[in-house]
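So you can see what is in the structure, the chains are spelled out below.
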Amino acid sequence: MERIKIRPITINDFEKVLTWSKDDVFCSANGWEKNRNPEELYKWWLRCVNNKAKDFIRMGIALNESLIGYADLACMNDHTAELGIAIGESGLWGKGIGCDAARCMMEYGTKKFGITTFMAETNKANVRSRKMLEKLGFHEISRIGSEEYIGMNRQLIQYQLN
């Protein structure tokens with residue numbers, strides 16, 4: 001039986017992160033620079049691991065103890081946080097793993113930080129992400145802004161879950 005859990009990220013996770021950085025589909029969908037310099041990527045990951053921000057936390061997403069992505073709570077303020085999920089192994093997309101990881105991260109945010117309202121944003125073209133958010137009970141609150149997603153500039157959709 002597959003088991004999803006969230007856990008602290010470590011510098012030892014870097015090899016997985018480096019693998020994700022070589023996946024053009026993942027990079028294109030998540031706004032990662034393709035062919036990123038491994039040394040620069042390592043410095044970025046080290047900053048993620050040693051994060052000191054009080055309004056941001058990044059946790060690893062593990063499937064059967066193997067790191068497969070990360071989950072963020074950002075802009076944490078007054079019992080509100082923005083949820084972000086990235087499944088690094090694109091071959092696992094569309095299997096409900098992101099939804100399970102999001103549930104775990106929201107439960108963590110509620111228990112550890114008292115988060116009661118979750119915000120999220122996704123690209124209109126990211127159908128999987130939109131379906132995941134709707135399945136979790138998020139509702140659309142606005143359509144403001146745009147950004148590139150898989151090579152095309154598309155509208156952003158903002159969601160909320162209380």
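Structure first, text after, so check above.
Described below are features of the structure shown in this document. (Residues numbered from 1 in each chain as written. Predicted model: local features only at pLDDT ≥ 70, side-chain atom pairs only at ≥ 80, totals over all residues. Heavy atoms only, no water.)

**Some words on the packing of helix α1 (residues 14–21) against helix α3 (residues 38–49)**
Relative to each other, α1 and α3 sit at 125 degrees, their axes nearing to 10 Å. It follows from the interaxial angle that α1 and α3 lie oblique. Here α1 runs over α3; the crossing is right-handed. Residues Phe 14, Val 17, Leu 18 and Ser 21 of α1 touch α3, and the partners they reach there are Pro 38, Leu 41, Tyr 42, Trp 44 and Trp 45. Within the contact of α1 with α3, the residues separate by chemical class into eight nonpolar, one polar and no charged. (Axes fitted to C-alpha atoms, helices over the stretch in contact; angles between N-to-C directions. Helix = DSSP H or I, 4+ residues; strand = E, 2+ residues; numbered from the N terminus. Parallel < 35°, antiparallel > 145°, perpendicular 65-115°, else oblique. Left-handed = near helix turned anticlockwise from the far one by under 90°. Contact = heavy atoms within 4.5 Å. Nonpolar A, V, L, I, M, F, W, Y, C, P; charged D, E, K, R; others polar.)

**Notes on the pairing of strand β8 (residues 152–161)**
As paired elements, strand β5 (residues 117–123) and β8 share six bridges and run antiparallel to each other. Its bridge partner lying in β8, Met 119 is registered against Gln 160. With three bridges joining them, strand β6 (residues 139–142) and β8 adopt antiparallel strand pairing. The residue bridging Glu 140 from the neighbouring strand is Tyr 159, located in β8. (Pairing = 2+ DSSP bridges.)

These results come straight from atomic positions and should not be treated as a statement about function.
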